[in-house]
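# Coordinates in review
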Amino acid sequence: MNWPAKMRPRAPSARRSSSISGDENGATAVEFALVLLVTALLLFGIIKFGLVLNNQIQLTHAASAAARQLSISRGSATPYSSTIAAMRNAAPTLKSTDITTTLTVGGAACTGDDQTCRDAFGTGTTTVQAQAVLRYPCNLNVLFIRVANCSFGTTAAALVQ
Amino acid sequence: MRRLNIAGLAAGFRRADGGVMAPIFALSLVILVGMAGAAMDVGRVMWVKRQLQSSADAAVLAGTLSVASNSSAATTAANDYSGLSGKKNTVLGATSVTMVGGAPQLKCFSSVKVPACTPGSGKYNGIVVTQEARVPMYFLRVVGVTEMTPRATATASARGGSGRSLDVMVVLDATASMNNLDPNCSIAGASKMECAKAGVRALLQGLNANLDRVGFMVFPG
């Protein structure tokens, strides 16, 4: 077979005799490995960023749902638990035990149990504010390398009806 | 000192086929980084959009509480709970948030029966908030997009929908004992009959003339 000079396979003996530093056969593989590292870092970075962004948007939505539920809970027997339920329903893929929730009604804490929350409503006028402050942790791991341990938060307020 | 052999280097560069992947990758990296950047920019817009919608919802719900009774209080409440800078639901990640039209728009919806509203009467039963945010772009700037302006609208009415009518039957006792004094009546010195009539009047005033049906009967009649 007539190979062009450049593509002609070297005789096995010639390959054996050449030193490893002069060998160009694996160059593409090495380059590919380097390129793959950068590409994968970028790709997984995008994926991770997308996940964290999704979490943040869900948390924002959950805070708003919680504030709204709390704002219509005057006179309810279970203002705290129904607010927490509304919040969890609004953020189905967040780990609900990881969400730090601070609920207030007109500045009074509505945290922990329904009794505290009912007391927070008191007998006040309608111009009090129901507020939900939520925090959620995010670990920015890209390719198993921990970039940063962070958390993000969001606040939503609603007028008590 | 060795002289740099430019011609020799250039010839070597032309012949070399070892580093073909590097320039290709360098080119594609520009696109990849651009795409990652675009994803971040658009992602931020989506986050702002979510906040805009949440704050618009809170604003109209705060406003509807008083829209039928006190429209200026409704405007104030809607502004207070909006996503504007310095308000209770301030939107993060945007350079500025404005309310389209400058303020919450008070509406008179004829489809809403309770509380009813006649257009042009200066009374309102609904409120609309449209918010717009300006989100600066950091990566998409390269292709000429310097900012995006997501919008969110929320509408709410005072009680909503058409009211459900009530069927009320009032039966009034008209026996002689109704002439006796009623010590429990809120009207001092009123007889039981006067007190009952006052009660019926209060009941009728609480009903809606356009919706509810009331029957009246006296016994022994």
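Residues numbered from 1 in each chain as written. Chains lettered and ligands numbered in written order. Predicted model: local features only at pLDDT ≥ 70, side-chain atom pairs only at ≥ 80, totals over all residues.

As a further point, take the overall build of chain A. Helix and strand content of chain A: four helices and four strands. Walking chain A from its N terminus toward its C terminus, one meets helices and strands in the order α-α-α-β-β-α-β-β. Taking as baseline every contact in chain A between residues at least 6 positions apart, the subset at least 24 positions apart corresponds to 66%. (Helix = DSSP H or I, 4+ residues; strand = E, 2+ residues; numbered from the N terminus. Contact = placed C-beta atoms within 7 Å.)

A separate point is the domain arrangement of chain B. Structurally, chain B comprises domain 1 (20-157) and domain 2 (167-219). Using only C-alpha atoms to locate each centre, domain 1 of chain B and domain 2 of chain B end up separated by 51 Å. (Domains from an automatic or database assignment.)

To continue, consider the pairing of strand 3 (residues 126-136) of chain B. Residues and elements named next belong to chain B. Across four bridges, the pairing between strand 1 (residues 96-99) and strand 3 is antiparallel. Each bridged residue has a counterpart across the sheet, and for serine 96 the counterpart in strand 3 is arginine 134. One ladder, built from three bridges, connects strand 2 (residues 105-107) with strand 3; its direction is antiparallel. When the bridges of strand 3 are listed, glutamine 105 appears paired with valine 128. Sheet topology places strand 3 next to strand 5 (residues 151-157); seven bridges connect them, and they run antiparallel. (Pairing = 2+ DSSP bridges.)

Residues and elements named next belong to chain A. Packing of helix 3 (residues 79-90) against helix 4 (residues 114-121) brings their axes to within 6 Å, and their N-to-C directions diverge by 105°. The orientation of helix 3 with respect to helix 4, classified from their angle, is roughly perpendicular. Contacts from Pro79, Tyr80 and Ser81 in helix 3 reach Asp114, Cys117, Arg118 and Phe121 in helix 4. Among the residues forming the contact of helix 3 with helix 4, the class breakdown is four nonpolar, one polar and two charged. (Axes fitted to C-alpha atoms, helices over the stretch in contact; angles between N-to-C directions. Parallel < 35°, antiparallel > 145°, perpendicular 65-115°, else oblique. Nonpolar A, V, L, I, M, F, W, Y, C, P; charged D, E, K, R; others polar.)

Secondary-structure assignment places alanine 157 of chain A in strand 4 (residues 145-159). Each C-alpha atom of the pair alanine 157 of chain A and serine 71 of chain A lies 8.7 Å from the other, and the pair is 86 residues apart in sequence. Discounting chain neighbours no more than four positions away, the residues touching alanine 157 of chain A are Ala67, Gln129, Ala130 and Gln131 of chain A together with Ala58, Tyr81, Lys88 and Asn89 of chain B.

Our next topic: the packing of helix 2 (residues 27-71) of chain A against helix 3 of chain A. Residue and element names in this part refer to chain A. Across the interface, helix 2 lies against helix 3 with an axial gap of 8 Å and an inter-helix angle of 150°. Classified by the angle between their axes, helix 2 and helix 3 sit roughly antiparallel to one another. Here helix 2 runs over helix 3; the crossing is right-handed. Of the residues in helix 3, those in contact with His61, Ala62, Ala65, Ala66, Gln69 and Leu70 of helix 2 are Pro79, Ser82, Thr83, Ala86, Met87 and Ala90. Taken together, the residues of the contact of helix 2 with helix 3 break down into eight nonpolar, four polar and no charged. (Left-handed = near helix turned anticlockwise from the far one by under 90°.)

Side chains that are nonpolar tend, in soluble globular proteins, to be buried together. Core analysis: the largest hydrophobic core is formed by 60 residues, its most contacted members being Ala66, Ala67 and Ala158 of chain A together with Ala62 of chain B. Broken down by element, the residue count for this core peaks at 12 residues, all from helix 2 (residues 21-67) of chain B. Those residues in contact with alanine 158 of chain A, other than ones at most four positions away along the chain, are Ala67, Arg68, Leu70, Ser71 and Ala130 of chain A together with Ala58, Leu61, Ala62 and Tyr81 of chain B. (Core = buried A, V, L, I, M, F, W, Y, C linked by C-beta atoms within 7 Å. Buried ≥ 20, exposed ≤ 12 C-beta atoms within 10 Å, placed from the backbone.)

Another aspect to go through is the interface of chain B and chain A. Between chain B and chain A, the residue contacts involve 23 residues of the former and 27 residues of the latter. For the side of chain B that touches chain A, a count of residues per class yields 15 nonpolar, five polar and three charged.

Let us now look at unusual backbone geometry. Cis geometry marks the peptide bond from phenylalanine 219 of chain B to proline 220 of chain B; its omega dihedral reads -5°. Mapped onto the secondary structure, proline 220 of chain B falls in the segment after strand 7 (213-219).

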